[in-house]
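# Chains, contacts and geometry: an overview
In case you want the letters, here they are:
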Amino acid sequence: MNILVTGGAGYIGSHTVHQLIKLGHAVTVYDNLSKGHAEAVPAQASLIVGDIRDGALLSRTFKENDIQAVIHFAADSLVGESMQQPAKYYQNNVAATLALLETMLSCQVTKIVFSSTAAVYGELNQWPITEDMPTQPTNVYGRTKLIIEGMLADFAQAYKLSYVSLRYFNAAGALEGGSIGEDHNPESHLIPLVLKTALGQRPAIDIYGTDYPTADGTCIRDYIHVVDLAKAHVLAVSYLLSGGESRVYNLGSEQGFSVREVINHAKVITARDFNVREIERRLGDPAVLVASSRKIQSELGWKPSCSDLGSIIKDAWTWHKAHPHGYV
């Protein structure tokens, strides 16, 4: 199949491109490289550098590559920045996705897998989180993703678009062997920050709050290996191309690990000790966020195969050791 991957030079996008190619799909990556890295795109994929709001270039890309479906990753995703610069997020997430959908329809492409987020749920006080729980995002980033989910539902009803929206939790890890991995600037995710500390690139790793109602007092999160995430996107696009109806799914490992557990695992795997600072809680950090992925497991047969914490940290460490400064 001929698949267009927007944001395919980014972290999760590039891992998905690798999985698509592994299964024999023809892949066109469409990325403006504002955050993505051309080095992360495998040679077997075509790379088009452009903005999805460039209707002429995007339309030409659809037609010249006979695109049959889209996997849409392109977005801004920093929670703090979204609160400081909401206009940027409504432009780059919502308006850009609307432009993408309009171009898709003009080119008779009606299948899309959308990279959503657990941030659409906000701060729920119950877990595991299921797809039918209330969606009450507490930040602009989550709101833009929820708005896009609403757009997809409206387009599905009005224009016969078919979509799968994947709400995932904490993506982590890297491709086995360390050829591609996580390279964000600035970095805000716990596991790469811990590993950068192990490499001596940071003076310490901070634990924000040690008085949560959890076993060790620190926040618990659901970490999912980026390769398991990538495989879910491939399953979702195959499902749509075989005639599947629109769906919304959570993606998580259904396991929760505390901040302190992540740090302790990292110390063992890296065989390095490093400084840990305990500071005050951050406003709005829920004590526990753990997903239920039962729906996608039962309907699409997806099952995480490498999302144990040890495998996640081991693969991420292989990447960070080989690329201490990312792709540069």
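Basis of the calculations
- Residues numbered from 1 in each chain as written.
- Predicted model: local features only at pLDDT ≥ 70, side-chain atom pairs only at ≥ 80, totals over all residues.
- Heavy atoms only, no water.
- Core = buried A, V, L, I, M, F, W, Y, C linked by side-chain atoms within 4.5 Å.
- Buried < 20%, exposed > 50% of the residue type's maximum accessible area, 1.4 Å probe, protein only.
- Helix = DSSP H or I, 4+ residues; strand = E, 2+ residues; numbered from the N terminus.
- Expected span 1.5 Å × (residues − 1).
- Contact = heavy atoms within 4.5 Å.
- Polar contact = N/O pair within 3.5 Å; in protein donor to acceptor, adjacent residues only side chain to side chain.
- Pairing = 2+ DSSP bridges.
- Right-handed = clockwise from strand over helix to strand, strands pointing away.
- Phe/Tyr/Trp six-rings, centres within 6.5 Å; stacked < 30°, edge-to-face > 60°.
- Lys NZ or Arg CZ within 6 Å of the ring centre and 35° of its normal.

## Some words on the nonpolar core
Within the largest apolar cluster, 42 residues are counted, with the highest numbers of intra-cluster contacts made by Leu166 and Leu251. Elements that contribute at least two residues to this core include exactly strand 1 (2-6), helix 1 (11-22), strand 2 (26-31), strand 4 (69-72), strand 6 (162-168), helix 7 (226-241), strand 11 (247-251) and helix 9 (294-300). Take this core: its biggest share by element is 9 residues, from helix 7.

## Details of helix 5 (residues 140-159)
Taking 1.5 Å per residue, 20 residues should reach 28 Å; helix 5 reaches 28 Å between its end C-alpha atoms and fits that length. For helix 5, the complete set of buried residues consists of Val140, Tyr141, Gly142, Thr144, Lys145, Ile148, Glu149, Met151, Leu152, Phe155 and Ala156. On its buried face, helix 5 sits against helix 3 (79-84), helix 4 (86-106), strand 5 (111-117), strand 6 and strand 11. Capping the start of helix 5 is the job of one residue whose side-chain oxygen sits 3.3 Å from the backbone nitrogen of tyrosine 141: asparagine 139. One or two positions beyond helix 5, positive phi appears at lysine 160, with a value near 65°.

## So, the sheet that holds strand 9 (residues 220-221)
Taken in spatial order, the 3 strands of this open sheet run 12-9-14, and their pairing is mixed. Every interior strand has two partners, whereas the edge strands, strand 12 (257-258) and strand 14 (288-289), have only one. Here 2 bridges tie strand 9 to strand 14, and the two strands are oriented parallel to one another. Its bridge partner being in strand 14, isoleucine 220 is matched across the sheet by valine 288.

## Thoughts on the pairing of strand 5
Among the 7 residues that make up strand 5, 7 are buried, leaving the element largely enclosed by the rest of the structure. Along strand 5, one buried face is formed by Lys111, Val113, Ser115 and Thr117 and the opposite face, lined by Ile112, Phe114 and Ser116, is buried too. Here strand 4 runs beside strand 5; their pairing, made up of 3 bridges, is parallel. Pairing of valine 70 across the sheet is with isoleucine 112, part of strand 5. In this fold, the crossover linking strand 5 to strand 6 by way of helix 5 has right-handed handedness.

## Points about the packing of aromatic side chains
Under the defined criterion, the tally for this structure stands at 2 aromatic pairs. Taking 5.0 Å as the distance between ring centres and 65° as the angle between the ring planes, the aromatic pair formed by phenylalanine 155 and tyrosine 159 counts as edge-to-face. Placement of the pair is phenylalanine 155 and tyrosine 159 together in helix 5, with a separation of 4 residues, close to one helical turn. Judged by relative accessible area, which is 12%, phenylalanine 155 ranks as buried. Geometrically, the ring pair formed by tryptophan 319 and tyrosine 327 is tilted, given 4.9 Å between the ring centres and 50° between the ring planes. You'll find tryptophan 319 and tyrosine 327 in the same group, each marked buried. Here arginine 281 stacks its cationic end above the ring of tyrosine 212, 3.9 Å away from the centre of that ring. In this arrangement the basic side chain of arginine 282 is found over the ring face of tyrosine 208, its NZ or CZ atom lying 4.3 Å from the centre.

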